[in-house]
Every structure is written in structure tokens, then in C-alpha cells.
Amino acid sequence: MTHLFIVDDEVNVLNSLRRMLLNVAGAPVLPDLRVSVFVSPVEALIHINKQSVDLVISDYRMPEMDGVAFLARVRDLQPDTARIMLSACTDMDAVVRAINEANIFRFVSKPWSDDELKSAIVQVLAHRHLLLENRHLANEVRCQRGVISRQQVELALLERESPGITRVRWTEDGGVLMDD
Amino acid sequence: MVVVSNAPGSDVRKRTGKRVEAADGMSVPKPDAGTGRLDDFAWVYALYELGQTVANGAEPMRVQQDILEHIVKGFEAQSGSIALLVDGTDDVLAIAAGTDLPPGTVGSRLPCGVGVFGHVVATGQPVLINGDVAETGLPLRLHERRDRLTHSAMCWPLRIRERIIGAVAVNRAPDVARYTREDLDRGQVLTSLLAFVIANHRMHVERENRIVELSTLNATMQRMNAALEETQEQLIRSEKMASIGQIAAGVAHEINNPIGFVLSNLGTLGSYLGQLFALLDVYIDAERPLPAPLVPPLDRARALREKSDLTFLRGDIDALMDESRDGILRVKHIVQDLKDFSRGGSEEAWETVSVHDALDRTLNILHNETKYKARIDTHYGELPEIVCVPSRLHQVFLNLVVNAAQSITESGTITISTGTEGGDAWIRFEDSGCGIPPENMDRLFEPFFTTKPVGQGTGLGLSVSSSIVQRHGGRIEVESEVGRGSRFTVHLPLRQAATPWSVPEDVQAGPRGTPVQCM
Ligand SMILES: Nc1ncnc2c1ncn2[C@@H]1O[C@H](COP(=O)(O)OP(=O)(O)OP(=O)(O)O)[C@@H](O)[C@H]1O
Ligand SMILES: [Mg+2]
């Protein structure tokens, strides 16, 4: 299953994207796709803290925080998540900041073309998959050569499934401490 | 009076019988001793008339020459000349007119105190040279003129109100009777008339010059005024372009968002319709009686229908259509409002419009600028429509709202209220922003006064807004407290008086000719 987050302060944009991505009759972007949409980046961050997300698509201009700050935060929380900025902002500044500060994978400008956006999503996810696969294989090799332990390889896999889980600190009463 | 005599005992009354021609061709009897009075009057009258020709626009040099010739004739002289003090000096003489003079003499300069002219101007006393009356006491030595001393000559100073302006001299050929003391006296009276004519002429010239000067000055001022007006116009236009530039990113955002989702929705709708048509095709197939396919058509239709989730499609198509319509309407409004704001050709058209509509349009354009920072509260009172140049008013509102939004760093409120007071409408923009320090209050409306970082503010917003409001016969008032916020109130007359942008009568609200107090 691929889990995708979309954040935009405009509900209509969210609706149209979800429609397009989940439309069974149209050529499906990915099989087994799950789409969560958020009007509020803060809300989205709370969820990203709790679950693994494969791809985050974010608007640039939003009331609570701008897309660059949001995606940078996403990267800090889940470094392996793919990040796409979808913005109506045409100024260079936004693009440059998005690339430098949030290390986005793609910048798609509004109004977008569905086909372009879909292929961007597919490519970005394929790229991400490749990176993760490479890392896993490299870990396997290191493990076989005795550089790292089997446990570390498993931990890395676990981290990939549930980012942050290996770094969780537990409170005395059994709760989870979140660093933010 | 100085009488210089080189030839004592000359014949006093040796006159020719010639007649003197006046300038207008009128024949004037030659002045004659004893009976000369009437003649003198005619001559004087002719002289006076010559003086008048100056006022009638005759060429001044020509007139001086005519007058001189008249005098030369009047005194039966062989030649004569006039020397006048050069303007602005009291010791440099220039030959202003002359008869029988070598060419180039007119305009040449003489120092004061030298020569007959120099002497006469310096002393202010008339001089008779080689007269037939031997006067002792004050001999004048005229060394440099010795060659011509055989001539009889007279020279009088010319005075205007006690001030010497030059001198006039006449010479008589040696073979003619010499001038007498009486001639000298008579000349003195006449030359004062000459001085008067010259003065008149000077005044006239001066007045002419003054008029020319004034009218050039006037033209220059008109040109400068027009240039100033044009500059002001340009400033307003370019400020508008700048503020459009400032909001362009926001406007693009506002337009690209709806276009984005409407376009995407249309794509999805296309594929929904594909689904529906596929289903429809199966139903159409099912209507055909023969031949029966392997799977009964109705079963196929049912299967397809179940797969396409018609309930979902029905609901989603409704939503999709609503959202898309909403998006397109938003684009339409923004484009319309932008057009109102930037009205190309008819920039200065006066129209009767609702201030509230104008405000709403401005806020709509600015929605994207303000929504991330400020809540906008509007408290509109009762306002009749007012006569204004709508695109200019938009510009003012835009500047005030942008300033208010820019004064808020994190988040705050902008309150816009309206009402009437006396013959004025007021529109108030209050913000909960940073406020304005008292030392800046006086400078707010100065062009280029800005406290914003380079690239963010040109400092033209308020200056241009206030000149636009002034042209509407209104004013802008400011109150502010640092840390609390600012309040800008625009007052506009409900009815327009004549303004620099002339108001066409057909849009003039209210009865014509109602005076409106402008500030
Ligand atoms: N609402 C406000 N609150 C606080 N300060 C204000 C407000 N409006 C204007 N000012 C002050 O007045 C200055 C001049 O305003 P003005 O609109 O003329 O120019 P600007 O906003 O700096 O630049 P521009 O409008 O040309 O982009 C501003 O720089 C700011 O210091
Ligand atoms: Mg401003």
C-alpha cells in the first residue's frame, strides 16, 4: 500500500486531487493507494508523527506555515518520505527555498496537468523505492560481512515501516515521548 | 546755462525762408523770431505726434531718428545727434540717433565728461558753441572738436524727472547764421519735450518687454504646470503598476488555484462520463432482441453498474460540478475586479458607484495578501453612491489595506467601516498592527517616505493616495499608537465640485450647481 498525504488550504484543490488519484475508471496512478488530505499543515504534521507516509504533496502558501517550512519539518520527521511541492506561486524565491530548505523531489506548478502530476508521483515514488531498496541491500551486504548485526538490519527495516519507532523514548508510565 | 562763444558778434537773425516738414508730411511754418510762437506750437505738436507714434508700435530707433530730424529741421541745423546714457550706467553715453553721421556711429560709445555730450551730461547744463552772443565767464574748451568749431552748435541735456538721460545736439553750417542765446533757451523747452518723448518711448518699450516677459513667463508656468500635472499622473499610474506588481503574485495564486482544480475536475469528469457511457452502451445493447450472447446482456449491465458504483458517481459528480462552478466564478470575479482596478484607457472616467462595491472588489483582489495574516471585519454603514474615478479609488483602498496588512507581523485584525458625516462619506481602515511613531506622523504622506526594507516599499502609496483623494475633494486623516495599531480615515465629498479631473455633468450627482466645500 502506498500512503499519500496532500496538504492545501483550499478544500476544492484537495477534493479534485483525491478524485483524480482515486478514480477507478481512469488509469489508476498506483494500485492500492491511500490518500489523506489536510487543509492544515499542523494537522498533517500531527499525523505524520504517528504513521509512515510515502509521499507528501504540499501547497506553498498556507495560513499556518508555508509549504517550505512544512516540508522541511516532514523531512526531519520522516527523512525517507518523498516530497512534492504543488504551488501557484510563480516566484523563483519559493522554488529555490523549496529545493534548498526542504529538499523537495519535484516542484509542480498550479494550474497543474493531471497527467504530469500523476507521472511525477509515479516517478518520485519509484525513485524513493529504489533508494530504500538500495539501502536495504547495502545493509544486507554489510550484515553478511559482519559490519553490522542482523538486529540493526531489522531495526532499519522497522524504521522504514514506522519511521521514528527505533528512536522512540518511553516515559516511566509507558507513554511515548515525542520529540518535536 | 553755458554759452560758449567762438565768434562774438555774429548775426542774430539771419534766417532762411525755408519751411519745416513735419514727420506726417504736414507742412509746418518754419519757426521765426518774433512771430515764431504759432509756428513753434505746430512744430511742438508735430514733435508730440512723433512721440505718440512710439506708443502705436513704431520701431523705436526709427522714431528717435525721426524726432531728431524734426529737431534738426526745426533749428535749421545742418546735422544733429542724440546721445543717451547706456542703461544701467551713469557715465557711458551711446549715440542713439544722428543725421549726417558717418556710418557705424549710431551705437558707438562716448565716455562721460569728454566732448560736448560728455560735458553737457556731466554738468547738466546746455551749451551754445560759436553762438553769436559773446558770453563770458564760463568758457568751455573743446580741444578735440577744434576742427569743427567753426560750426555753430547747441547741445542740451535730456532730463526725465531731474535725472539726466542723455543729450541732444544740433550743428549749423559755418555759412549760416549762428545760433543765439534765444535759440538755446527755446531749445531747452523743446528738448524737455524730446526727453519726455524718449521717456515715453522707454516706458513703452519697457512695458512691451514686460508684457513679452510676462507672457513667456506665463507660458513657461503653464508648461511647468502641465508637466507637473503629467508627472503627477505618471506617478499615480506607475504607483498603480507597482502595487499591481506587488499583488500580482497573490492574484496569480488566486487564479491558478481554481483553474488547477477545475481543470483537474474536468479530466475526472471525462473519465466518469466514459464509465457512464460504457454502462449506457451495454443497456442499449440489451435492447437488441437477437442474437443472445453467452452472458445475458442485462446481467452484464448489472455487473458493470455494480462495478462503477453509480451512487458514488452521482454524489461525486454533483460535488465536482459545484466546486468547479465555484472555482470558475472566483476566477471571473478576480479578473473583473482586476479590470476595474487597472482600467486601461478610460482611467479618468468619473462614475457614480457604490463605495462598498469598490471596497469589496479591492478586498477580493487582496484576499490572498491578507488571508494569511489578518482577519478582515467590515462594518458598512449607510452610504449613497458617490461620484468618483473608480479605478483611482480602488488604488487608494488597495494601498490602505496593503499598508494595514503589512503593519501586522504575525496575525491581527483589519477593520473597515464606513459612514457619512455632514456632506462627506468616510471610509475607515483600522489595523491592530505595529502603529506609527509620532516622529513619522508628519512624514507619512511625503513621496518616497518608507520604513519598509528596500524592495518592499517605494514609499509612494500614501503620497499618491492622498493626492488622489484630494483630487476628489477629500482628505485622509491618520491616528496611530505604537504597539496598538493605526487608523486611516478617508473623507470624500458625497457630491463632487469641479476638480482637476473635470466631472462630466451627466454623472454629477444631485442638482447641478450645488456648491460643495472642498478642502
Ligand atoms: N497602517 C499602517 N501602520 C503602520 N505604519 C504605516 C501604516 N501605513 C503606513 N505606514 C507607514 O508609512 C510609511 C509610508 O507608507 P506608504 O504606503 O506611503 O509607503 P510604503 O508602504 O512604505 O511603500 P509602498 O506603499 O510604496 O509599497 C510606511 O513605510 C509605514 O512606515
Ligand atoms: Mg504602502
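Just so it is clear, the structure is predicted and the values come from calculations on it, not from any experiment. (Residues numbered from 1 in each chain as written. Chains lettered and ligands numbered in written order. Predicted model: local features only at pLDDT ≥ 70, side-chain atom pairs only at ≥ 80, totals over all residues. Heavy atoms only, no water.)

**Some remarks on helix α7 (residues 355-370) of chain B**
All names here are of chain B. If you look at α7, its biggest bend is around 40°, right at asparagine 364. When we look at burial in α7, the residues that qualify are Val355, His356, Ala358, Leu359, Thr362, Leu363, Ile365, Leu366, Asn368 and Thr370. For α7, the N-terminal capping position is held by serine 354, with its side-chain oxygen 3.2 Å away from the main-chain nitrogen of histidine 356. (Bend = angle between axes of the 7 residues up to and from the residue. Helix = DSSP H or I, 4+ residues; strand = E, 2+ residues; numbered from the N terminus. Buried < 20%, exposed > 50% of the residue type's maximum accessible area, 1.4 Å probe, protein only. Polar contact = N/O pair within 3.5 Å; in protein donor to acceptor, adjacent residues only side chain to side chain.)

**Considering unusual backbone geometry**
Going from lysine 110 of chain A to proline 111 of chain A, the amide bond is cis rather than trans, its omega being -5°. Looking at the element boundaries, proline 111 of chain A is found in the loop between β5 (106-109) and α5 (114-144). Positioned with a positive phi, asparagine 103 of chain A is a non-glycine residue whose angle comes to about 40°. For asparagine 103 of chain A, the location among the structural elements is in the loop between α4 (92-102) and β5. The residue phenylalanine 448 of chain B is not glycine, and still its phi comes out positive at about 70°. Relative to the elements of secondary structure, phenylalanine 448 of chain B occurs in the loop between α9 (438-441) and α10 (461-471).

**Observations concerning the site of ligand 1**
All names here are of chain B. In the neighbourhood of ligand 1, 21 residues make up the surrounding shell, with Asn403, Thr450, Thr451, Lys452 and Thr458 lying closest. Leucine 460 has a polar backbone atom sitting 3.0 Å from an oxygen atom of ligand 1. Alone, ligand 1 offers 590 Å² of accessible surface; in the complex the protein occludes 95% of this. Elements with a contribution of two residues or more to the shell around ligand 1: α8 (390-407), α10 and β16 (485-493). With three residues, the single largest contributor to the shell around ligand 1 is α8. (Near = heavy atom within 4 Å. Areas by Shrake-Rupley, 256 points an atom, 1.4 Å probe, with all protein chains shown as cover.)

**What about the sheet that holds strand β2 (residues 33-38) of chain A?**
Residues and elements named next belong to chain A. One open sheet holds the five strands; their spatial order is β2-β1-β3-β4-β5, and the pairing between them is parallel. Edge positions in the open sheet fall to β2 and β5, since each of these has one partner strand only. Sheet twist, expressed as the average angle between the axes of neighbouring strands with direction ignored, equals 20°. Direction of pairing for strand β3 (residues 55-58) relative to strand β4 (residues 82-87): parallel, over a ladder of four bridges. Residue pairing across strands places valine 56 opposite arginine 83, the latter belonging to β4. (Pairing = 2+ DSSP bridges. Axes fitted to C-alpha atoms, helices over the stretch in contact; angles between N-to-C directions.)

**Focus: the sheet that holds β16 of chain B**
All names here are of chain B. An order of β11-β13-β14-β16-β15 is seen for the five strands of this open sheet, with the pairing classed as mixed. Either end of the sheet is taken by a strand with one partner, and the two such strands are β11 (374-379) and β15 (475-481). Mean inter-strand twist for the sheet, computed between neighbouring axes without regard to direction, equals 15°. Direction of pairing for β15 relative to β16: antiparallel, over a ladder of seven bridges. Opposite valine 478, over in β16, you have phenylalanine 488 as the bridge partner.

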